[in-house]
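# Residue-level structure breakdown
In case you want the letters, here they are:
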Amino acid sequence: YCRTNQYITIMRKNIRLFGFLAFTALILSACATTEKEEVLDMEKIRVEIQAMEDAYAAGEKAKDADAVAAYYSDDAISYSRNKQPLSGKAAIRDNIANNIAKDTTENYNVYKVVDLFAEGNTAVEIGSWTEFDSSGNEKENGNYMSYFQKRDGKYICVRDMSTTTSPVKSGM
């Protein structure tokens, strides 16, 4: 009977020790486990966004509203100066088509990424735009901000807003 009690006492101590060690190992492994943050390649994102801006400008120059509207998501909202916001890719595309139809100049725009912030599946671009006449003379310039989400492996614009550095024209 005495040996049995000693055996039980030793087993209880071993079980407690095992439980303590298992609990300690669990706590330590939980503390050591951190989510790996995806390191974004900002230069790669900058190149991708600039390519989108270049395609936008090429679409405008070719007077191709669909090519310009490819920049936007179906649920995009575009905020322009002195206008109500345009909601949805279809409305944005229609506005672009109307502007193209009214344009009798051979002016063209150049868009440049000035600053870029990205985290996770989103990016915010601050850019500049410059309008040139057919001879390459600068006519107007301004700035814009675009908010992108990465969908199906590529960035797409879901919000944008633009301004001009030109003074407001009389009658506006």
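Residues numbered from 1 in each chain as written. Predicted model: local features only at pLDDT ≥ 70, side-chain atom pairs only at ≥ 80, totals over all residues. Heavy atoms only, no water.

### Here we look at the overall build of the chain
Scanning the chain from N- to C-terminus turns up four helices and six strands. Listing each helix as α and each strand as β along the chain from the N terminus yields α-α-α-β-β-α-β-β-β-β. The proportion of buried residues among the 172 residues of the chain is 26%. Considering only contacts within the chain whose residues lie at least 6 apart along the sequence, 50% involve residues at least 24 apart. Roughly 12,100 Å² of accessible area belongs to the chain as shown, and the carbon and sulfur atoms make up 55% of that amount. (Helix = DSSP H or I, 4+ residues; strand = E, 2+ residues; numbered from the N terminus. Buried < 20%, exposed > 50% of the residue type's maximum accessible area, 1.4 Å probe, protein only. Contact = heavy atoms within 4.5 Å. Areas by Shrake-Rupley, 256 points an atom, 1.4 Å probe, with all protein chains shown as cover.)

### Regarding a nonpolar patch on the surface
Together, Leu17, Phe20 and Leu21 give the surface a local cluster of nonpolar side chains, amounting to about 320 Å² of exposed area. Position of Leu21 among the secondary structure elements: in helix 1 (residues 2-32). (Patch = residues over 30% accessible without salt bridge, like charges linked within 9 Å, V, L, I, M, F, W, Y side chains within 5 Å. Salt bridge = Lys/Arg side-chain N within 4 Å of Asp/Glu carboxyl O.)

### Points about the sheet that holds strand 6 (residues 154-164)
Across the sheet, six strands lie side by side as 2-1-6-5-4-3; this open sheet has mixed pairing. At either margin of the open sheet sits one strand with a lone partner, and together these are strand 2 (86-87) and strand 3 (108-119). Note that strand 5 (residues 138-151) and strand 6 share 10 bridges and pair antiparallel. Across the sheet, residue Met145 finds its bridge partner in strand 6, namely Met161. Its contacts with the sheet place helix 2 (residues 42-61) against strand 1 (72-79), strand 3, strand 4 (122-132), strand 5 and strand 6, and it is angled at close to 155° to strand 3. The strands touched by helix 4 (residues 89-102) within the sheet are strand 1 and strand 2, with strand 1 carrying the most contacts at an inclination of about 60°. (Pairing = 2+ DSSP bridges. Axes fitted to C-alpha atoms, helices over the stretch in contact; angles between N-to-C directions.)

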